[in-house]
Amino acid sequence: MKTLIAASATLVALSLPAFAEGDATKGEKEFNKCKACHMIASDSETIVKGGKTGPNLYGVIGRVAGSVEGFKYSDGLAAKAAEGMVWDEAELAAFVKNPNDYLGSKSKMTFKLAKGAEDVSAYLATFSQ
Ligand code: HEC
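Below, the structure is looked at part by part. Note that the coordinates shown come from a computational prediction; the quantities given were computed from them, not determined experimentally. (Residues numbered from 1 in each chain as written. Predicted model: local features only at pLDDT ≥ 70, side-chain atom pairs only at ≥ 80, totals over all residues. Heavy atoms only, no water.)

1. Focus on the packing of aromatic side chains
Here is step 1 of the chain: Scanning the entire structure with this criterion turns up 7 aromatic pairs.
Here is step 2 of the chain: Between Phe31 and Tyr123 the ring centres are 5.8 Å apart and the planes differ by 50°, which places this aromatic pair in the tilted class. Here Tyr123 lies in helix 6 (residues 117-125) and Phe31 lies in the loop between helix 2 (24-30) and strand 1 (40-41), a separation of 92 residues in the sequence. For the pair shown, Phe31 and Tyr123 are each scored as buried. (Phe/Tyr/Trp six-rings, centres within 6.5 Å; stacked < 30°, edge-to-face > 60°. Helix = DSSP H or I, 4+ residues; strand = E, 2+ residues; numbered from the N terminus. Buried < 20%, exposed > 50% of the residue type's maximum accessible area, 1.4 Å probe, protein only.)

Listed below in structure tokens is the structure:
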């Protein structure tokens with residue numbers, strides 16, 4: 001796990017020099033606010049138990065937006081999926097700060113994270129290769 005965090009932090013540093021890097025450890029605490037609606041679960045294990053109002057966020061960084069099979073996304077996120085938009089840490093942070101503004105239409109995610117969105121992005125990135 002530590003190696004994975006270090007590896008992804010390096011990757012972020014290399015690939016996104018202009019983006020204020022988040023702190024994955026802080027993000028893990030921040031994720032408590034997301035759990036009511038989101039789980040983090042791979043095919044083989046549940047990493048964070050959570051609700052099903054929102055899609056599973058395992059591997060979300062690097063994944064096409066709006067692409068969890070069987071989840072009914074808003075029209076706005078479905079449009080992102082159709083464009084093939086892929087979540088990176090900066091995009092995910094922007095979305096979480098204000099989903100409606102980000103999509104330019106009404107998101108099914110009714111939650112806004114005022115502070116710490118970069119940290120949550122960094123935390124979620126630890127579950128992506
Ligand atoms: C009240 C429930 C709720 C909470 C709390 C919530 N979400 Fe969501 N989230 C949703 C729903 C519903 C969607 C689908 C949005 C849509 O279709 O417009 C979503 C979508 C997302 C997506 C897009 C996923 C994809 O497959 O493209 C991300 C990323 C996300 N949420 C991150 C977060 C994070 C990080 C937090 C905590 C800071 C959080 N959410 C808190 C309900 C929630």
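Resuming the write-up.
2. Examining the layout of surface pockets
Here is step 1 of the chain: Taken as a whole, the largest pocket encloses approximately 490 Å³ of empty space.
Here is step 2 of the chain: Contributing to the lining of the largest pocket are 27 residues, with His38, Gly54, Pro55, Phe95 and Met109 lying nearest its centre.
Here is step 3 of the chain: Taken together, the elements giving at least two residues each to the lining of the largest pocket come down to helix 4 (89-97) and helix 6.
Here is step 4 of the chain: Looking at which element gives the most residues to the lining of the largest pocket, the answer is helix 4, with 3 residues. (1 Å grid on protein atoms, 1.4 Å probe; cavity = no way out; pocket = protein on both sides within 12 Å on 5 of 7 lines; lining within 4 Å. Points joined across faces, edges and corners; volume = space filled by probe spheres on them.)

3. Details of the coordination of the iron atom of the ligand
Here is step 1 of the chain: Of the protein atoms, only His38 (NE2) and Met109 (SD) coordinate the iron atom of the ligand, at distances of 2.0 to 2.2 Å.
Here is step 2 of the chain: Around the iron atom of the ligand sit 6 donor atoms, and with donor-metal-donor angles ranging over 87 to 179° the site reads as octahedral. With His38 in the loop between helix 2 and strand 1 and Met109 in the loop between helix 5 (99-103) and helix 6, this pair connects stretches of sequence that are 71 residues apart.
Here is step 3 of the chain: Given the relative accessible area of 10%, His38 is considered buried. (Donors = N, O, S within 2.8 Å, 3.2 Å for Na, K, Ca; no water. Tetrahedral: all angles 85-135°; square planar, octahedral: opposite > 155°, others 65-115°.)

By themselves, these figures tell us nothing about what the structure is for.
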